[in-house]
Amino acid sequence: MDERDIADIADPLALEHQVCFALSVAARGVVAVYRPLLEPLGLTHPQYLVMLALWQHAPMSVKDLSRLLQLDPGTLSPLLKRLETTGYIRRGRDDRDERVLAVTLTAEGRALRAEAEKIPPAIVERLGMDIAELMELHQSLTRVIGAAQTAVARSAAETPAG
């Protein structure tokens, strides 16, 4: 879609034409589908994302975890604190570099993975969408994320320092 395509839309400011609106509503809706599956595990959706990253990559530095999840450290820190309080993770200084705060899974956190493995198929079932359609959506959203990051970086580079 280019500027001519946008000009052809009767009202380019109509709410139903806004990508940001569709993404926002979709995100809230999907998170609501996850909620009843995560509650028995004692996890919120953001905590679940942290656990997914750790199940795949632990141990990790807080800095690397922040980068992977695309969360600033100020947002990530309270999530980690709550996960540590629940006994799923441990935070501590890296033995090789005392400046690095490392995050590791506890035995309880590793064991939780077996329960969490039931979540993806339950989400697919609850959404009632074909897995191929969901994978295509994931690819499209990944392209949107990349385009948005590029646009933000370009905008920051064009904005004069003040």
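Residues numbered from 1 in each chain as written. Predicted model: local features only at pLDDT ≥ 70, side-chain atom pairs only at ≥ 80, totals over all residues. Heavy atoms only, no water.

**Student:** Help me out: how do you make sense of helix α6 (residues 107-116) in this one?
**Tutor:** Structural remark: α-helix, 3.6 residues per turn; residues separated by three or four positions point the same way. Those residues of α6 not exposed but buried are Gly-109, Leu-112 and Ala-116. Taken end-on, α6 shows its buried residues confined to a sector of 45°, consistent with a single buried face. Away from its buried face, by an angle of more than 90 degrees, α6 presents the exposed residues Ala-107 and Ala-111. (Buried < 20%, exposed > 50% of the residue type's maximum accessible area, 1.4 Å probe, protein only. Helix = DSSP H or I, 4+ residues; strand = E, 2+ residues; numbered from the N terminus. Arc of directions from axis to C-beta.)

**Student:** Help me understand the environment of Tyr-48, please; the structure alone is not making it clear to me.
**Tutor:** Checked against the element boundaries, Tyr-48 lands in helix α3 (residues 45-57). Overall, Tyr-48 belongs to the buried group, its relative accessible area being 4%. Along the backbone, Tyr-48 and Leu-38 are 10 residues apart, and their C-alpha atoms lie at a distance of 7.6 Å. Once residues lying within four places of it in the same chain are set aside, the contact partners of Tyr-48 are Tyr-34, Leu-38, Leu-43, Trp-55, Ala-116, Ile-119 and Pro-120. (Contact = heavy atoms within 4.5 Å.)

**Student:** Help me understand the packing of α3 against helix α5 (residues 73-86) in this model?
**Tutor:** A pair of packed helices can be characterised by two numbers: the angle between their axes and the separation between those axes. One can describe the packing of α3 onto α5 by two numbers: an axis separation of 10 Å at closest approach and a directional angle of 80°. Taken together, α3 and α5 sit at an angle that is classed as roughly perpendicular. Across from Pro-46, Gln-47, Val-50 and Met-51 in α3, the residues of α5 making contact are Leu-76, Leu-79, Leu-80, Arg-82 and Leu-83. (Axes fitted to C-alpha atoms, helices over the stretch in contact; angles between N-to-C directions. Parallel < 35°, antiparallel > 145°, perpendicular 65-115°, else oblique.)

**Student:** Can you help me understand the sheet that holds strand β2 (residues 89-93) in this one?
**Tutor:** Note: strands within a sheet are paired through backbone hydrogen bonds, in either parallel or antiparallel orientation. With antiparallel pairing, three strands are arranged side by side in an open sheet as β1-β3-β2. Here the strands that pair on one side only, and so sit at the sheet edges, are β1 (60-61) and β2. As paired strands, β2 and strand β3 (residues 101-105) are joined by five bridges and run antiparallel to one another. Looking at the pairing, Gly-92 lines up with Ala-102 of β3. Where α5 meets the sheet, it contacts β2 and β3, and its direction lies at approximately 115° from that of β2. (Pairing = 2+ DSSP bridges.)

**Student:** Explain the nonpolar core here, please?
**Tutor:** Considering soluble globular proteins, one finds that nonpolar side chains tend to be buried as a cluster. Formed by 27 residues in total, the largest nonpolar core has its most connected members in Leu-43, Met-51, Leu-65, Ile-89 and Ile-119. Here this core takes six residues from α3, the largest share from any one element. Not counting the four nearest positions on each side in its chain, Met-51 is found in contact with Leu-43, Leu-83, Tyr-88, Ile-89, Leu-105, Gly-109 and Leu-112. (Core = buried A, V, L, I, M, F, W, Y, C linked by side-chain atoms within 4.5 Å.)

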